[in-house]
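# Structural overview for review
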2 protein chains.
Amino acid sequence: MLITQKKQYALRAIFELAKRHGRGPIKISTIARVQAIPMRFLEVILNELKKSGFVSAKRGYQGGYYLLRRPRDIAVGDVIRFMDKTGEGEQDCIACVSKDSCPFDGQCALSPMWEKVWESLFCVYDGTTMQDLLELELERIKNRKQQENAAEKGCDRRGLEI
Amino acid sequence: MLITQKKQYALRAIFELAKRHGRGPIKISTIARVQAIPMRFLEVILNELKKSGFVSAKRGYQGGYYLLRRPRDIAVGDVIRFMDKTGEGEQDCIACVSKDSCPFDGQCALSPMWEKVWESLFCVYDGTTMQDLLELELERIKNRKQQENAAEKGCDRRGLEI
DNA sequence: ATAATCTTGACCAAAATAGTCGAGAAAGCT
DNA sequence: AGCTTTCTCGACTATTTTGGTCAAGATTAT
């Protein structure tokens with residue numbers, strides 16, 4: 001897998017927090033429902049994410065999770081890197097890039113390519129902030145509405161034609 | 001993992017065949033030794049690769065595997081795509097990109113990013129042929145020799161200084 | 001107090017991945 | 001023909017990673 005489910009969930013959870021940034025703590029149960037993430041699993045994930053410094057939590061009655069940074073100051077790359085780290089040493093890396101696991105001491109014929117791959121991957125990751133994702137989402141919603149309107153008109157016309 | 005061990009092995013095996021292209025069939029045992037791949041596992045891998053049309057094999061006494069195309073006509077992307085296919089449907093893909101597994105019908109906030117990631121990944125894969133890898137390898141060897149020469153001289157000088 | 005909510009660590013299950021084995025079939029050599 | 005070498009094929013096993021659950025406890029607002 002290029003990306004695990006867990007990282008995907010982490011990103012979606014943070015995205016959801018970004019969406020509601022500034023409106024107080026958000027409950028795990030809410031995030032789980034809206035983002036379609038198994039709740040007990042999300043508990044684990046968010047708890048881990050606290051150590052990243054991106055999110056924090058408040059316990060008790062009106063408790064929940066919230067972002068510690070502005071959405072534009074959290075890049076996807078930051079989250080991925082953090083999630084990789086927690087599993088002890090870059091898990092999502094490629095065997096030949098890290099000298100330890102490469103039988104040729106990181107000098108195999110493929111390693112230059114893996115480095116390129118790694119770079120271009122994180123070029124995208126680091127170039128995408130939560131803010132960017134939010135804006136994309138807004139645009140998408142706008143487009144969908146326009147399409148719906150267009151479709152409705154289409155429906156009406158068809159109705160008349162019959 | 002970004003790339004599995006098996007795919008890595010497949011690439012290294014094909015690379016080795018490319019290195020010896022035009023010199024008749026190469027034995028599995030040779031490839032396994034030179035590329036540090038478990039032999040019985042490599043048997044399985046090369047056998048699968050026959051279906052890709054990149055390699056073919058000859059049995060018996062002076063048998064072995066050989067490339068069906070010129071090294072410059074085999075890109076890393078071709079190999080990766082083939083290996084992905086054999087596992088039934090793009091395994092190395094991302095959940096949200098394929099509509100089936102995305103709870104939001106492939107319309108989640110992250111999907112545009114995953115598409116970008118996918119593109120830039122295969123941009124590297126498809127832009128790297130076996131020939132390219134061979135040339136890189138040659139250059140690497142040349143550089144290492146130069147370094148060794150330089151190091152030897154350095155040694156001599158140190159010897160005199162003491 | 002008590003109800004809501006996060007916290008923690010242990011635990012389990014399923015899937016994917018990595019790797020092995022044995023018996024057989026073809027090809028060349030003598 | 002008989003022997004050796006080498007691939008072939010399918011079944012099998014082991015290991016690791018991932019995904020997910022649970023229960024008991026701590027904290028806070030009301």
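Rules used throughout
Residues numbered from 1 in each chain as written. Chains lettered and ligands numbered in written order. Predicted model: local features only at pLDDT ≥ 70, side-chain atom pairs only at ≥ 80, totals over all residues. Heavy atoms only, no water. Helix = DSSP H or I, 4+ residues; strand = E, 2+ residues; numbered from the N terminus. Buried < 20%, exposed > 50% of the residue type's maximum accessible area, 1.4 Å probe, protein only. Contact = heavy atoms within 4.5 Å. Polar contact = N/O pair within 3.5 Å; in protein donor to acceptor, adjacent residues only side chain to side chain. Near = heavy atom within 4 Å. Pairing = 2+ DSSP bridges. Least-squares fit on C-alpha atoms with pLDDT ≥ 70 in both. Axes fitted to C-alpha atoms, helices over the stretch in contact; angles between N-to-C directions. Parallel < 35°, antiparallel > 145°, perpendicular 65-115°, else oblique. Nonpolar A, V, L, I, M, F, W, Y, C, P; charged D, E, K, R; others polar. Phe/Tyr/Trp six-rings, centres within 6.5 Å; stacked < 30°, edge-to-face > 60°.

On to the environment of A:Lys27. Residues and elements named next belong to chain A. With respect to the helices and strands, Lys27 occurs in the loop between α1 (5-19) and α2 (28-35). You can call Lys27 partly exposed: its relative accessible area is 48%. Considering only alpha carbons, one finds Lys27 and Gln62, 35 residues apart in sequence, at a separation of 8.4 Å. Non-local contacts of Lys27, meaning those with residues more than four positions away in its chain, are made with Gly63 and Gly64.

On to the side chain of B:Glu48, then. Residue and element names in this part refer to chain B. Relative to the helices and strands, Glu48 resides in helix α3 (residues 39-50). Reaching out from Glu48, the side chain makes a polar contact with the side chain of Lys6 at a distance of 3.1 Å. If near-sequence neighbours (up to four positions away) are discounted, Glu48 is found in contact with Lys6, Phe82, Met83 and Thr86.

Now for the protein's contact with DNA strand D. Close to DNA strand D lie 26 residues; A:Gln5, B:Lys27, B:Ile28, B:Lys50 and B:Tyr65 are nearest. Restricting the count to atoms of DNA strand D within 4 Å of the protein gives a sugar and phosphate share of 74%. The contact in question runs from a base nitrogen of DNA strand D to an N or O atom on the side chain of A:Arg40, over 3.0 Å. At 2.9 Å from a phosphate oxygen of DNA strand D is found a side-chain nitrogen or oxygen belonging to B:Lys27. Among the secondary structure elements, those contributing two or more residues to the surface near DNA strand D are α1 and α3 (39-50) of chain A together with α3, β1 (55-58) and β2 (64-67) of chain B.

A separate point is the pairing of β2(B). As paired strands, β1(B) and β2(B) are joined by four bridges and run antiparallel to one another. Bridge pairing in β2(B) places B:Lys58 opposite B:Gly64.

This part is about unusual backbone geometry. Residues and elements named next belong to chain A. Here Ala36, not a glycine, exhibits a phi torsion of approximately 55°, which is positive. Mapping Ala36 onto the fold places it in the loop between α2 and α3. On the accessibility criterion, Ala36 (35% relative accessible area) is partly exposed.

A few words now on the relation of the copies chain B and chain A. Structural alignment of chain B on chain A gives an RMSD of 0.2 Å, achieved by rotating through 179° and translating 0.0 Å along the axis. In short, the pair behaves as if placed about a two-fold rotation axis. Residue B:Leu2, judged by its C-alpha, is the member of chain B lying nearest the rotation axis, at 2.2 Å. Interface overlap between copies is the fraction of interface residues in one copy that are interface residues in the other; for chain B against chain A it reaches 100%, indicating a shared surface.

This part takes up the packing of α1(A) against α3(A). Helix-helix packing is described using two parameters, namely the angle between the two axes and the distance between the axes. All names here are of chain A. For the pair α1 and α3, interaxial distance at closest approach is 10 Å and the crossing angle is 75°. The orientation of α1 with respect to α3, classified from their angle, is roughly perpendicular. Residues Lys6, Tyr9, Ala10, Ala13 and Ile14 of α1 form the contact with α3, whose participating residues are Phe41, Leu42, Ile45, Leu46, Glu48 and Leu49. The class makeup of the residues in the contact of α1 with α3 is nine nonpolar, no polar and two charged.

Before going further, it helps to spend a moment on the packing of aromatic side chains. Within this structure, the stated rule accounts for eight aromatic pairs over all chains. Geometrically, the ring pair formed by A:Trp118 and A:Phe122 is tilted, given 5.1 Å between the ring centres and 55° between the ring planes. Taken together, the residues A:Trp118 and A:Phe122, both in helix α5 (residues 111-126) and four residues apart, mark about one turn of the helix. A:Phe122 carries the same exposure label as A:Trp118, and that label is buried. Ring plane angle 85° and centroid distance 5.2 Å describe the contact between B:Phe122 and B:Tyr125, whose orientation is recorded as edge-to-face. Taken together, the positions of B:Phe122 and B:Tyr125, both in helix α5 (residues 111-126) and three residues apart, correspond to about one turn of that helix. According to the relative accessible area criterion, B:Tyr125 is buried, its value standing at 2%.

Here we take up the protein's contact with DNA strand C. Near DNA strand C, the surroundings consist of 26 residues, among which A:Lys27, A:Lys50, A:Tyr65, B:Gln5 and B:Arg40 are the closest. Within 4 Å of the protein, the contacting atoms of DNA strand C are 68% sugar and phosphate, with bases supplying the remainder. Within the backbone of B:Gln5, a nitrogen or oxygen atom sits 2.7 Å from a phosphate oxygen of DNA strand C. For DNA strand C, a base oxygen lies 2.7 Å from a polar atom in the side chain of B:Arg40. The set of elements that each furnish at least two residues to the surface near DNA strand C consists of α3, β1 (55-58) and β2 (64-67) of chain A together with α1 (5-19) and α3 of chain B. Looking at the surface near DNA strand C, its residues break down into ten nonpolar, seven polar and nine charged.

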